[in-house]
Amino acid sequence: MPPPTTEHWIKAAKAFEELWNFPNCLGAIDGKHISIQYPPNAGSEYYNYKGFHSIVLQAVVDANAKFIASKKIDPQINDEFPFVFVGDEAYHLQTNLMRPFPRRNLTNEKRIFNYRLSRARRIVECAFGILVKRFNVLENKMLVFPEKATIITKACCILHNIIMDKEGAPSEIQDELQLQTTQKVVQSQITSRPINRASTAAMDIREKFMNYFNSDIGAVPWQNMYNL
């Protein structure tokens, strides 16, 4: 998977707005633990908070549940309204990465922002769900060490993208979204991290999105029907 180009980012942002009603979103980010056998002399390096050894697949996914792979994510897009990625509570708020408002003392405007962000972000959970169903090796413990597990995982992501390009998977995406709704999947698969104070610039950008989602131009008809 080659590094995304500016053309790719613009196309990705358009798709997120059309499909998931979140403008200027370049991708949804999340992580998934891939179980592996205990590496010799690794100590606690690969031991996770869930109680098993793993590597972490941290992925950015586009609006169509395809994995975006690049050693460095650097969109290089300039616009009056900022371009961002969306993540859950496990991530720190940054100027290019939006996370929800804290759940305590939510105003209606903040609740609507959280819903709109969640609506866009859940596509990454969809992609993980489809990926694991296609490649069961990711669901069970890999009897290999981290280096080979990383290669296998990357190969699965590439094959997943090829299948999505050739066959598409709208029904699989809808099935996964329905499963998430039924199970109320709202918690991150990554352990909670200490919340560092976000920069004023990052908070201003989140406020800008919040105000847009609560405006006559940016609102969607059903956003007041959901409570997060």
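Definitions and cut-offs
- Residues numbered from 1 in each chain as written.
- Predicted model: local features only at pLDDT ≥ 70, side-chain atom pairs only at ≥ 80, totals over all residues.
- Heavy atoms only, no water.
- Helix = DSSP H or I, 4+ residues; strand = E, 2+ residues; numbered from the N terminus.
- Buried < 20%, exposed > 50% of the residue type's maximum accessible area, 1.4 Å probe, protein only.
- Contact = heavy atoms within 4.5 Å.
- Areas by Shrake-Rupley, 256 points an atom, 1.4 Å probe, with all protein chains shown as cover.
- Core = buried A, V, L, I, M, F, W, Y, C linked by side-chain atoms within 4.5 Å.
- Expected span 1.5 Å × (residues − 1).
- Arc of directions from axis to C-beta.
- Salt bridge = Lys/Arg side-chain N within 4 Å of Asp/Glu carboxyl O.
- Axes fitted to C-alpha atoms, helices over the stretch in contact; angles between N-to-C directions.
- Parallel < 35°, antiparallel > 145°, perpendicular 65-115°, else oblique.
- Left-handed = near helix turned anticlockwise from the far one by under 90°.
- pLDDT = per-residue confidence, 0-100.

*Asks:* Mind laying out the overall build of the chain, listing which residues take part and the relevant values?
*Replies:* Each helix and strand counted, the chain has five helices and five strands in total. Ordered by position from N to C terminus, the α and β elements of the chain give α-β-β-β-β-β-α-α-α-α. Burial status across the chain gives 46% buried among its 228 residues. In the chain, once contacts between residues fewer than 6 apart in sequence are set aside, the share between residues at least 24 apart is 74%. Of the roughly 12700 Å² that the chain leaves accessible, carbon and sulfur atoms contribute 52%.

*Asks:* Please provide a residue-by-residue account of the nonpolar core, values included.
*Replies:* Counting residues in each nonpolar core, the largest one holds 49 residues, and the members touching the most others are Phe 22, Met 98, Ile 123, Ile 173 and Phe 209. Contributions of two or more residues to this core are made by helix H1 (6-20), strand E1 (25-35), strand E2 (54-61), strand E4 (84-86), helix H2 (108-134), helix H3 (146-167), helix H4 (170-183) and helix H5 (200-213). Considering every element that reaches this core, the biggest residue donor is H2, with twelve residues. When neighbours within four sequence positions are excluded, Ile 123 is seen to be in contact with Phe 16, Trp 20, Ala 28, Val 61, Asp 62, Ala 63, Ala 65 and Ile 173. Formed by eleven residues, the second largest nonpolar core is a distinct cluster that contains Ile 29, Val 60, Phe 85 and Ala 90.

*Asks:* Describe in detail H1, supporting the description with residues and values.
*Replies:* In a regular helix each residue adds 1.5 Å, so 15 residues correspond to 21 Å; H1 covers 21 Å between its end C-alpha atoms and thus fits that length. Taken together, the buried positions of H1 are Trp 9, Ala 12, Ala 13, Ala 15, Phe 16 and Trp 20. Down the axis of H1, the sector holding all buried residues measures 160 degrees, keeping them to one side. Facing away from the buried surface of H1 by more than 90 degrees, the exposed residues are Glu 7, Lys 11, Lys 14 and Glu 18. Looking one or two residues beyond H1, the residue adopting positive phi is Asn 21, at roughly 60 degrees.

*Asks:* Can you lay out the pattern of salt bridges for me, pointing to particular residues and giving the numbers?
*Replies:* Counting across every chain of the model gives five salt bridges. Lys 66 is paired through a salt bridge with Asp 165; the nearest N and O atoms lie 2.6 Å apart. Of this pair, Lys 66 sits in the loop between E2 and strand E3 (67-68) while Asp 165 sits in helix H3; the two residues are 99 residues apart in sequence, bridging distant segments of the chain. By relative accessible area, Asp 165 is classed as exposed at 54%. A salt bridge links Glu 89 to Arg 103; its shortest N-O distance comes to 2.9 Å. Residue Glu 89 is located in the loop between E4 and strand E5 (97-98), and its partner Arg 103 is located in the loop between E5 and H2; the two are separated by 14 residues in the primary sequence.

*Asks:* Which residues make up unusual backbone geometry, and what values do they have?
*Replies:* Phi at Asn 21 is positive, roughly 60 degrees, even though this residue is not glycine. Residue Asn 21 is classed as buried on the basis of its relative accessible area, which comes to 17%. One non-glycine residue with positive phi stands out, namely Asn 105, at about 55 degrees. Position of Asn 105 relative to the elements: it lies in the loop between E5 and H2. Exposure remark for Asn 105: the relative accessible area of 75% places this residue in the exposed category.

*Asks:* Go over the environment of Leu 26, please, and point to the residues and values.
*Replies:* Take Leu 26: it is sitting in strand E1. Taking the C-alpha atoms as reference points, Leu 26 and Trp 9, 17 residues apart in sequence, are found 6.0 Å from one another.

*Asks:* An account of the packing of H1 against H2 is requested, with residue identities and associated values reported.
*Replies:* Close contact between H1 and H2 brings their axes to 10 Å; oriented N to C, the two are set at 110 degrees. In terms of orientation, H1 lies roughly perpendicular with respect to H2. Handedness of the crossing formed by H1 with H2: right-handed. Contacts from Phe 16, Leu 19 and Trp 20 of H1 reach H2 at Arg 119, Ala 120, Arg 122 and Ile 123.

*Asks:* Would you mind going over the confidence of the model for the chain in detail, with residue names and values included?
*Replies:* Looking at the chain, the pLDDT average stands at 85 and 85% of residues meet or exceed 70. Long-range and interchain partners of residues 185-192, a stretch whose pLDDT sits below 50, account for 26 contacts in this model, where long-range means more than four residues apart.

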